Amino acid sequence: ASHQASIDTFSELISLLAQNTKKVVLAFDEFQQISTYSEKNIEGYLRTLLQSLPNVAVIFSGSDQQLLLQMFDHIDRPFYNFGEYLRLGPIEADKYVDYIQNHFNKHKKKIDAAEIYEILEWCNYRTMNVQIIANRLFSKSTKSIKKADIENIKETIIREKEDIYYTLRRVLSKGQWRVLVAFAIEGKVYEPYGKIFMKKHKFTNSSTIRRVVQYSTERGLLYHSNDGDQSYFELDDIFLRRWIEMIRI
């Protein structure tokens, strides 16, 4: 459906909710995508509609932290100061392991907790990546998951994405790719313009790294987040990071 058709459908939903007297929670997933719509002032239009619903609580969620923050933190954007901000961190490892192991057990499949912890670490606790690997393992006909099964699944997934990653490498300049490789090796980078990082990876110009980091963050290649008071950058695609580690190019 076109964006305009979606908007018309949403307007109808708003009309129904406006007549509702019960408390309702309306959740938008990947809300930052509306910023790509071609319709003029779509954000202002949506805010006006949502403000007319006194009995509706609204949740905006999305995977692109930078775009969401721009929408809600910039004073010149319609959704500025519209609500409270809550950052969801990784699921606690123990709870995640119990959840996965219990799901396997219910279907008479066995996977050791130690192997699940290793999967979580390898996926950097990213839910999407963990889900992909766990789903592949769960789909196997074998009743007992071994370490060799996990390694095979990880390599298979990376190889499936290899053509995309080689294309990315060709599109980026050599300098841009060198920076991404350095981030893949490091994992979290707290001071990408600092002397330690630059010396270790043989960079000589901090302004060049700064431009690459800005470019890569804007295009979703790098993810900017924080550990308490310390901010850091890391590759957004964990499978890309593992592919770079594997082939070291």
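About the thresholds
Residues numbered from 1 in each chain as written. Predicted model: local features only at pLDDT ≥ 70, side-chain atom pairs only at ≥ 80, totals over all residues. Heavy atoms only, no water. pLDDT = per-residue confidence, 0-100. Helix = DSSP H or I, 4+ residues; strand = E, 2+ residues; numbered from the N terminus. Buried < 20%, exposed > 50% of the residue type's maximum accessible area, 1.4 Å probe, protein only. Contact = heavy atoms within 4.5 Å. Salt bridge = Lys/Arg side-chain N within 4 Å of Asp/Glu carboxyl O. Polar contact = N/O pair within 3.5 Å; in protein donor to acceptor, adjacent residues only side chain to side chain. Phe/Tyr/Trp six-rings, centres within 6.5 Å; stacked < 30°, edge-to-face > 60°. Lys NZ or Arg CZ within 6 Å of the ring centre and 35° of its normal. Pairing = 2+ DSSP bridges.

**Some words on the confidence of the model for the protein chain**
Model confidence for the protein chain is summarised by a mean pLDDT of 88, while 95% of its residues fall at 70 or above. Per-residue pLDDT, averaged within each element of the protein chain, yields its smallest value for helix α1 (residues 3-18) (69) and its largest for helix α5 (residues 113-122) (96).

**Section: the side chain of R126**
As for its position among the elements, R126 is in the loop between α5 and α6 (127-139). Residue classification places R126 among the buried positions, given a relative accessible area of 18%. Those residues within four positions of R126 in sequence are excluded, and the remaining contacts are Y223, E234, L235, D236 and I238.

**Examining unusual backbone geometry**
At K108, a residue that is not glycine, the phi angle is positive and equals roughly 60°. One non-glycine residue, K202, lies in the positive phi region at around 60°. Here K202 shows up in the loop between α10 (195-200) and α11 (206-218). Given the relative accessible area of 69%, K202 is considered exposed.

**Describing the pattern of salt bridges**
All told, the structure shown has 13 salt bridges when counted by the stated rule. The salt bridge involving R126 is made with D236; its shortest N-O contact spans 3.6 Å. Highlighted residues: R126 in the loop between α5 and α6 and D236 in the loop between β4 (230-235) and α12 (238-247), separated in sequence by 110 residues. Between E160 and R136 there is a salt bridge; the shortest N-O distance is 2.8 Å. Within this pair, whereas E160 is found in helix α7 (residues 147-160), its partner R136 is found in helix α6, the two being separated by 24 residues in sequence. Assessed through its relative accessible area of 47%, E160 is described here as partly exposed. With a relative accessible area of 29%, R136 lands in the partly exposed category. It is possible to trace a salt-bridge network through shared partners that takes in E118, E151 and K154.

**A look at α12**
Taking burial as the measure, the 10 residues of α12 include 7 buried ones, the bulk of the element. Of the positions making up α12, those classed as buried are I238, F239, L240, R241, R242, W243 and I244. Where α12 is buried, its residues meet α5, α6, α7, α8 (162-171), α9 (174-186) and β4. Where α12 begins, one side-chain oxygen reaches toward the backbone nitrogen of F239, 3.0 Å away; that side chain belongs to D237.

**Focus: the packing of aromatic side chains**
Scanning the entire structure with this criterion turns up 18 aromatic pairs. Measuring from ring centre to ring centre gives 4.4 Å for F31 and F60, while their planes differ by 50°; the resulting arrangement is tilted. One end of the pair, F31, is in the loop between β1 (24-28) and α2 (42-51); the other, F60, is in strand β2 (residues 56-60), with 29 residues separating them in the sequence. Judged by its relative accessible area of 3%, F31 is buried. A cation over an aromatic ring shows up here: K109 above the ring of F138, its NZ or CZ 5.6 Å from the ring centre.

**Here we look at the pairing of strand β3 (residues 222-227)**
Two elements, β3 and β4, share 6 bridges in a ladder whose sense is antiparallel. The partner of L222 across the bridge, within β4, is L235. Counting the residues in the hairpin turn of β3 and β4 gives 2 residues, including G228, whose phi is positive at 70°.

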